[in-house]
Amino acid sequence: MVAHQAQELDMKGHTTEIKLFNTLSGKKEAFKPLRAGHVGMYHCGPTVYDDAHIGNLRSYVFADILRRTFEYNGYSIDQIVNITDVGHLTSDADEGEDKMTKALKRLGKPLTLDAMRETASVYEDHFKEDLVLLDIETPSAFPRASDHIKDDIELIHTLEKNGYAYKISRGVCFDTSKFGTYGKLGNIKLDSLKDGARVSTDPEKRNQTDFWLWKFDDNLGWDSPWGRGFPGWHIECSAMSRKYLGQPFDIHTGGIDHIPVHHNNEIAQSEAAYGVPLARYWIHNAFLTMNRSKMAKSAGGFVTLKTLVTNDLSPLAYRYWLLTGHYRSPMDFSYEAIKAAQNAYKRLQEAMAGYPEGGKVDAGFVGRFKALINDDLDTPKALALAWELIKDAGVDDADKRATLLDFDRVFGLKLGSLPCPTDEVIPDNVRALADEREQARQAKDWKKADKLRGEIERLGYELRDAAGGAAIKKKV
Ligand code: AMP
Ligand code: ZN
């Protein structure tokens, strides 16, 4: 049985069809992979000139749910998240300064490629730490733009040969008028990309929508057949996605801000160069907003994962909160909203900690879960189903645990672990005593274990033994 056939059922009679909303067609479609049982995905990665904010991270939680859904359905995956460490201009509209150059100035560092790489690797490490904290599975590769300059140059060469590229004083441009379906992703009205929305200040450009393939820079950059400088931001994604996944590949994702310009430009370049589509499914997450406006670094007042932790909110509580909304619906951030999600998440963990091991998955609930998650990743309804299961008196506790652990293969909420330290305001000394007691318990030193339990209780906490260890709770 292969996973890609529409309406196919697995051994338990559950549907294996995955439906996804494809921005390219403007419709929900049944997913058909290029290679049976396998999916190749490319997610536009962060520009590492600063720490990611939790709006950026929404994109990668969404990408992780997508990946986990495929894995849940038995697919193998190739997943690429690029690291933009050069070439992204301060305005997405393709003008302004290179963001990395701006970061070097902000940090008082010399304008050299070495300093740029060093700065980028600091923020790249922070980004990867954030992914781990959010229980995002590690992608197959994180290619860096600065390691792929040769691939960019080769792609620009091909575009030049095919008559799509032209050189002007400030760099090499893509001629959008030559690409008949320019703007097809999301049906972009080209007039809306002109003045204001998409400022093209260079009078030498043939069309206002033309964009940089290579931008000259005398101070910083790489040598190229056209002159010293650096690649355009869009060309990096076209070159790296093709290199790691082939062309066409299955799925390309990003936030909705990338639809009008970045993703339409990627499509134009890649298709003009090689005559085949770049990706078959284009899937976009809605914004995380704050006071109803897009959370953005340029707007100021953005929140990072660290900010959440300093406010006693755990990264996984943020993940839980994201799952309560659909990836295509905007979500408005507030500390109160995450706090409420953290309370619900704690109750879920506590329920889990009270269930014994040794059960089996409940086929009825698993079938319903799969149908929800395969329907364009309906995480809000899938989470509601988890709560329905917890309240269902007809399902045995051990089976509840097994079924919730099965759901957690997609949720990624670490439901098999004890409440994580950042979730609980449990003092370090209480936690240390509990660890010591756990060791005593494992060594079957019951006397010592009981003594330590007594000490913990005197400090106002109690232990609830469960599979995999004991949960610590404040006494009420
Ligand atoms: P950047 O580092 O700006 O290239 O963005 C990295 C990813 O975050 C891209 O997929 C963006 O579309 C996405 N993104 C940026 N801001 C937000 C936001 N407020 N909410 C959701 N996704 C966002
Ligand atoms: Zn991209």
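Residues numbered from 1 in each chain as written. Chains lettered and ligands numbered in written order. Predicted model: local features only at pLDDT ≥ 70, side-chain atom pairs only at ≥ 80, totals over all residues. Heavy atoms only, no water.

Student: Which parts of the structure should I look at to understand the coordination of the zinc ion (ligand 2)?
Tutor: Ideal coordination angles are 109.5 degrees for a metal with four donors arranged tetrahedrally and 90 or 180 degrees for a metal with six donors arranged octahedrally. Bound to the zinc ion (ligand 2) are the protein donor atoms Cys44 (SG), Cys237 (SG), His262 (NE2) and Glu266 (OE), situated 2.1 to 2.8 Å from the metal. Coordination at the zinc ion (ligand 2) is irregular: its four donor atoms span angles of 73 to 133° at the metal. Summarised as a motif, the one-chain spacing of the donors to the zinc ion (ligand 2) is C-x192-C-x24-H-x3-E. Here the residue Cys44 occupies a position in the loop between strand 3 (38-43) and helix 1 (54-72), and Cys237 occupies one in helix 6 (residues 233-245), the gap between them amounting to 193 residues. Take Cys44: its relative accessible area is 6%, and that puts it in the buried class. Relative accessible area serves as the criterion here: at 1%, Cys237 is assigned to the buried category. (Donors = N, O, S within 2.8 Å, 3.2 Å for Na, K, Ca; no water. Tetrahedral: all angles 85-135°; square planar, octahedral: opposite > 155°, others 65-115°. Helix = DSSP H or I, 4+ residues; strand = E, 2+ residues; numbered from the N terminus. Buried < 20%, exposed > 50% of the residue type's maximum accessible area, 1.4 Å probe, protein only.)

Student: Help me out: how do you make sense of the environment of Asp435 in this one?
Tutor: Along the chain, the position of Asp435 falls in helix 14 (residues 428-442). Along the primary structure Asp435 and Ser25 are separated by 410 residues, whereas in three dimensions their C-alpha atoms are 54 Å apart.

Student: I keep staring at the state of the cysteines and nothing clicks. Help me out?
Tutor: The term disulfide refers to a covalent linkage connecting the sulfur atoms of a pair of cysteines. In this structure the tally under the stated criterion is zero disulfides. Counting only cysteine sulfurs, Cys237 is the nearest neighbor of Cys173, a cysteine outside any disulfide, at a range of 19 Å. (Disulfide = S-S within 2.5 Å.)

Student: Which parts of the structure should I look at to understand helix 9 (residues 315-323)?
Tutor: The periodicity of an α-helix, 3.6 residues per turn, causes residues three or four places apart in sequence to face the same way. For helix 9, the tally of buried residues reaches nine of nine residues, placing the bulk of the element in the interior. Looking at helix 9, one finds that the buried residues are Pro315, Leu316, Ala317, Tyr318, Arg319, Tyr320, Trp321, Leu322 and Leu323.

Student: How do you make sense of the pattern of salt bridges when you look at a structure like this?
Tutor: Where charged atoms of side chains with opposite charge meet at close range, the side chains can pair. Enumeration according to the criterion identifies 31 salt bridges in this entry. Put simply, Glu438 and Arg441 hold a salt bridge, and the shortest N to O gap is 3.3 Å. Of this pair, Glu438 and Arg441 both sit in helix 14, three residues apart, roughly one helical turn. In this structure Glu438 comes out as buried when scored by relative accessible area, which is 17%. Connected through salt bridges with shared partners, the residues Asp64, Arg67, Arg68, Glu71, Asp135, Glu137, Arg319 and Lys414 form a single ionic network. (Salt bridge = Lys/Arg side-chain N within 4 Å of Asp/Glu carboxyl O.)

Student: Honestly, the packing of aromatic side chains in this entry has me stumped. Any pointers?
Tutor: Remark: the centre distance and the inter-plane angle together describe each pair of aromatic rings, the angle taken between the planes. Counting across every chain of the model gives 17 aromatic pairs. Between the aromatic rings of Tyr320 and Tyr345, the centroid separation amounts to 5.9 Å while the plane-to-plane angle is 35°, which identifies the pairing as tilted. With Tyr320 in helix 9 and Tyr345 in helix 10 (residues 335-354), the pair connects residues that are 25 residues apart, well separated along the chain. Each of the two residues, Tyr320 as well as Tyr345, counts as buried. An aromatic cluster of three or more residues is present, and its members are Phe31, Phe70, Tyr75 and Tyr281. Residue placement shows Arg206 over the ring face of Tyr166; its charged tip is 3.9 Å from the ring centre. The side chain of Arg368 reaches across the aromatic face of Phe365, ending 5.4 Å from its centre. (Phe/Tyr/Trp six-rings, centres within 6.5 Å; stacked < 30°, edge-to-face > 60°. Lys NZ or Arg CZ within 6 Å of the ring centre and 35° of its normal.)

Note that every value here comes from positions in space, so none of it alone points to a role or purpose.
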